[in-house]
Amino acid sequence: MGNQSMSAGQLLKQANKLKRQGRLDEAIANYRNAIKLNPNSFILHQNLGDALVKKGLLDEATLELKKALELKPDSVVSQAYLGEVLVKQKLFDEAINYLERAVKIQPDFHKYYNSLGLALIGKEKYDEAIDFFQKAIELKPDSCWGYYNLSQVLSKQDKLSVAREYYEKAIALNPQLPSQNQKASHIISPLKDSPEMEFTGERYVPNIQGQISYEHLHRYGLCLEIVRGKSVLDIASGEGYGSAMLSQTASSVVGVDIDISSIEFAKKKYQDKSNLKFLVGGCDSIPLPSESIDIVVSFETIEHHDKHEEMMTEIKRVLKNDGVLIISSPNRFVYSDLPNYCNPFHIKELYQEEFTELLNKYFSHTKIYGQRMAISSFLYSLDESNLKNLNCYSGDSQLISKQFLPLYEPVYFIAICSNNFNNIKDIFLDSFYLDRNDDLLNPDSLLHNKRLSIYNIGNELNLAKGGNAKPYLVSGWSYPEEWGCWALRPQAKLSLSLKNQVERKLTLSINAKAKLPDNNTETVINVKLNDKKLGELLFSGNDFLTKKLKLPLDLISGETKFNFVFDMPDYSSQSSENIDQRPLALAVRSILIS
């Protein structure tokens, strides 16, 4: 059925699906076509505004969201969306006005208090911002953002010890927080100079350990041989540690950052390196001559602004004709969509297709890699002189071989680009970073809490806040709430490691209820086990139900690991008067294998 013959509701449903897939241009076109058919539907203007925000078209998004509010002045979602867009545009007074309305309409939702607090920071109304962040914490004590935002505003008031306490609480709730914010927003600025730059979550600093350090050090480490003897630009250089690392092998390195205090700090700390200098400048206004650089390095930068075209134009300008760009970007699908997570400091994240399209527009040749944390077993020579011959093995109990298999769902993309294929054809970024001082088997390990616990058959997993299920929830799950947590489409994954091989029939029991979209009285959840179809779960009504599936012996015999995938259909409301446009999700209280 062509778009010309579709109703406004059908176009809305298709546009919502396209938006979730990251196909924003198509989604926007469908929303606009639907509006032509039903110009007085506030939800169409609201959802179009959201898609335009994701596309980085903030001015157009503002107009659509204001139109939505004209049609439905009490829409709390439109009020909040508009306020958050205005914060990104630094129109703080207007943002405060809309966010205050959102809080008044829905006073029990923590996110609106956090957004309002950020707008107040923009007006330097720090005491008022603190009140709203504290209210957000009161409403949602298991969310990292109230604590994180409170630590930022307290640091601005030079209350550093208290700020540190709140920041540590935020990190305890979300260990990923530092790497998600190391180039944070236009609102938050770093703490004042100290012998070591204070870590606020805005910029990574080298005295921070754990996952964030592995991700950052790995990226710069793999560049050391690539930049050997070359002139290098490290754009958004932050504290300066990465530029200093590159200067070990490069002929010259220039670190550029828009933050003056970070540049001044880097100049002082790394002043002993004669081939390294730091300059103040933006991604869209690099203070270097044209065709003066061999290699540009850009890590954790592009998602913190929406001037992607301007940034790429400037990078092309300063690069020599056959120069090389090495650039990272979070994978929006894995980073934000699967966990149903929104980082308020990221201005414009990219899906893989968008990232690839952007790079291909400016470079003839591009190679893209994925990066994520993983668990491995290492076998190594105790004679350190023989540590260079490293092989990789992958597989399971049925088939294992000498091979390197790419991991699913990278959290970050790393791309290497050039207009001269010969300059990148022999560069391969496949690698791993190893910290010999950290150990998953050590209870004091920085990553020890990330280990998957052994699951005992017959042990019921409680998915509520404070329950025992967290170590087993891999991806596609919301933060736990008092009753349990949401399994979100397109799929939620559960991984159970067993102490012994399975030798008898088992049963999967799940206590849950489905969020059913309009005009649907029931839905089917498809369940896979270890990449094979297990069966279907039928849900109907509004009550929690316990559903069971048999685990056939021929499917589980000899296994020591169960990887469950819950696939959910692609539903979304077609009602033009329904605010709730979320896709179907499954509310889960408990899961049991017995």
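### Quick notes on the pattern of salt bridges
On inspection of all chains with the given rule, the structure shows 20 salt bridges. For Glu-239, the salt bridge identified is with Lys-269, shortest N-O distance 2.7 Å. On the criterion of sequence distance, the pair formed by Glu-239 in the loop between β1 (231-235) and α13 (241-246) and Lys-269 in helix α14 (residues 260-269) is long-range, its members being 30 residues apart. Judged by relative accessible area, Glu-239 falls into the buried class, the value being 1%. Residue class for Lys-269 comes out partly exposed when judged on its relative accessible area of 28%. Put simply, Arg-32, Glu-60 and Glu-64 are held in one network by salt bridges that share partners.

### Section: the sheet that holds strand β5 (residues 319-330)
In a beta sheet, neighbouring strands pair by backbone hydrogen bonds and run either parallel or antiparallel. What the seven strands build is an open sheet, ordered β3-β2-β1-β4-β5-β9-β6; its pairing is mixed. Bordering the open sheet on either side are β3 (276-280) and β6 (365-371), each of which pairs with just one other strand. Averaged over all neighbouring strand pairs, the angle between strand axes comes to 15 degrees, with direction disregarded. Both β1 and strand β2 (residues 252-257) contribute to a ladder of five bridges, which runs parallel.

### Description of the pairing of strand β14 (residues 491-498)
With seven of its eight residues buried, β14 lies for the most part within the structure. Where strand β10 (residues 454-455) lies against β14, two bridges are found, and the strand directions are parallel. Bridge pairing in β14 places Tyr-455 opposite Leu-498. As paired strands, strand β12 (residues 473-475) and β14 are joined by two bridges and run antiparallel to one another.

What counts and what doesn't
Residues numbered from 1 in each chain as written. Predicted model: local features only at pLDDT ≥ 70, side-chain atom pairs only at ≥ 80, totals over all residues. Heavy atoms only, no water. Salt bridge = Lys/Arg side-chain N within 4 Å of Asp/Glu carboxyl O. Helix = DSSP H or I, 4+ residues; strand = E, 2+ residues; numbered from the N terminus. Buried < 20%, exposed > 50% of the residue type's maximum accessible area, 1.4 Å probe, protein only. Pairing = 2+ DSSP bridges. Axes fitted to C-alpha atoms, helices over the stretch in contact; angles between N-to-C directions.

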